[in-house]
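Structure at a glance
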Amino acid sequence: MSNQNIFKNAAEILYKDEKKKKKEKELRNSLINELGDEIEPKHILYSSNEELMKMKDEKNRKNKDIPTSLTDNSVSNEDNDVLRGGISHTKINQIEPKDKKFENEVKKRETALEISNDNQIAKNFLNIFAGPDATGMLNIAQGNEDSNYTKNSTKLLNINDNNLYDYKNGEIKKFKEHIENKVQEQFKDFGYNLNEIEGRIYHDNSAPIKRIKNDDSFKKALIKNKDKILNGENFTTRFKKKSPLKTSNLHNAFGSVDFLNSGMDNNGNLHLYMFDTYDFNANEGPLIEAGRRQMLKGNLKGNFSIHDIVLTKDELDKIWNKK
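Summarised in this report is the structure supplied together with it. The shown structure was predicted, so the numbers you read here are calculated from the model rather than taken from an experiment.

Turning our attention to the overall build of the protein chain. In terms of regular secondary structure, the protein chain is built from 17 helices and six strands. Buried residues in the protein chain amount to 46% of all 323 residues. Expressed as a percentage of contacts within the protein chain between residues at least 6 apart in sequence, the contacts between residues at least 24 apart total 69%. Counting every atom, the protein chain has about 17,900 Å² of accessible surface; 46% of that belongs to carbon and sulfur.

Here is the structure:
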């Protein structure tokens with residue numbers, strides 16, 4: 001049985017015991033949609049349903065004194081299409097359902113994502129079948145980051161955080177334009193202001209980087225891009241999906257990533273910064289589509305990550321000279 005089928009069956013079992021929580025989630029999504037642009041990201045992530053209900057009542061009270069023409073959805077208003085904090089009523093309403101089978105698969109995976117937000121059993125299943133990095137990155141997007149996963153890392157408020165460009169005496173500063181352009185492009189459908197998108201630098205002694213350095217896709221990318229690396233060029237690669245019997249941890253967590261090449265130091269150590277954005281592209285499979293819809297609803301918060309990878313001369317020699 002494939003990992004996807006196992007996870008799907010686990011989600012269906014958990015769903016039967018989570019009807020009450022599902023109703024609470026549905027109520028929450030409905031309240032967020034009704035509050036519209038008046039709601040801030042902090043409310044989406046941290047406010048209780050009771051607090052959202054109070055905000056809705058307050059909004060309704062204010063609207064009683066406003067002319068109908070200003071609250072009518074048919075009125076053209078540029079701000080109606082502006083996405084704030086990862087939520088867009090316009091985008092959600094414009095999603096065109098595909099065939100019934102696809103929509104059912106998307107719904108099941110959305111349910112699994114929602115359940116994993118506050119159910120430890122679901123998190124354990126996810127960690128086993130999707131992998132520690134896929135689980136760690138999802139937790140961060142849900143606002144429930146695991147301190148064990150983020151150990152040996154630096155949190156960034158946004159792409160303009162001084163902690164980013166002062167890191168290692170400004171070593172990342174030369175990649176500022178690339179980082180800004182990529183973040184803006186990848187999150188354009190979700191409408192974040194650039195200053196709302198948080199990030200994190202994982203240090204070279206962190207557990208995620210140890211897994212990356214041991215990954216076959218990473219090693220093959222180093223071999224394939226040897227000339228670019230030696231010429232100081234950046235390169236892009238994709239973590240491959242493994243067989244059904246093996247966890248595709250890095251594929252599930254990152255997929256396609258950029259390697260920003262900071263070159264070699266005097267000791268022959270190679271310094272690479274693996275850069276990625278946590279987002280979901282349109283027009284892909286049910287699992288990615290489920291994540292995209294959850295992000296559009298504000299249940300997942302987009303972010304970016306930079307992994308500070310240092311490869312010693314000995315490590316490079318073993319990879320490049322491997323027969």
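That was the structure; now back to the text.
What follows is about the sheet that holds strand S4 (residues 256-264). Pairing is mixed in the open sheet, where six strands are placed in the order S1-S2-S6-S5-S4-S3. Two strands bound the open sheet, and with one partner strand each, they are strand S1 (153-156) and strand S3 (235-238). The sheet shows a mean angle of 20° between the axes of neighbouring strands, direction not considered. Packing against the sheet, helix H17 (residues 313-320) makes contact with S4, strand S5 (270-278) and strand S6 (303-311), and its axis sits at approximately 90° to S6.

With that settled, the discussion passes to the packing of helix H7 (residues 100-118) against helix H8 (residues 120-129). Interaxial distance between H7 and H8 falls to 6 Å at its minimum, and their mutual angle equals 115°. The two elements H7 and H8 meet at a crossing, and its hand is left-handed. Contacts between H7 and H8 pair Ile115, Ser116, Asn117 and Asp118 from the former with Gln120, Ala122 and Lys123 from the latter. Of the residues in the contact of H7 with H8, the class split is two nonpolar, three polar and two charged.

Another point: the pairing of S6. With respect to burial, S6 is a largely interior element, nine of its nine residues being buried. Of the two faces of S6, both are covered, the one formed by Asn303, Ser305, His307, Ile309 and Leu311 as well as the one formed by Phe304, Ile306, Asp308 and Val310. When S5 meets S6, the two strands line up antiparallel, connected through nine bridges. Bridge pairing in S6 links aspartate 276 to serine 305.

Definitions and cut-offs
- Residues numbered from 1 in each chain as written.
- Predicted model: local features only at pLDDT ≥ 70, side-chain atom pairs only at ≥ 80, totals over all residues.
- Heavy atoms only, no water.
- Helix = DSSP H or I, 4+ residues; strand = E, 2+ residues; numbered from the N terminus.
- Buried < 20%, exposed > 50% of the residue type's maximum accessible area, 1.4 Å probe, protein only.
- Contact = heavy atoms within 4.5 Å.
- Areas by Shrake-Rupley, 256 points an atom, 1.4 Å probe, with all protein chains shown as cover.
- Pairing = 2+ DSSP bridges.
- Axes fitted to C-alpha atoms, helices over the stretch in contact; angles between N-to-C directions.
- Left-handed = near helix turned anticlockwise from the far one by under 90°.
- Nonpolar A, V, L, I, M, F, W, Y, C, P; charged D, E, K, R; others polar.

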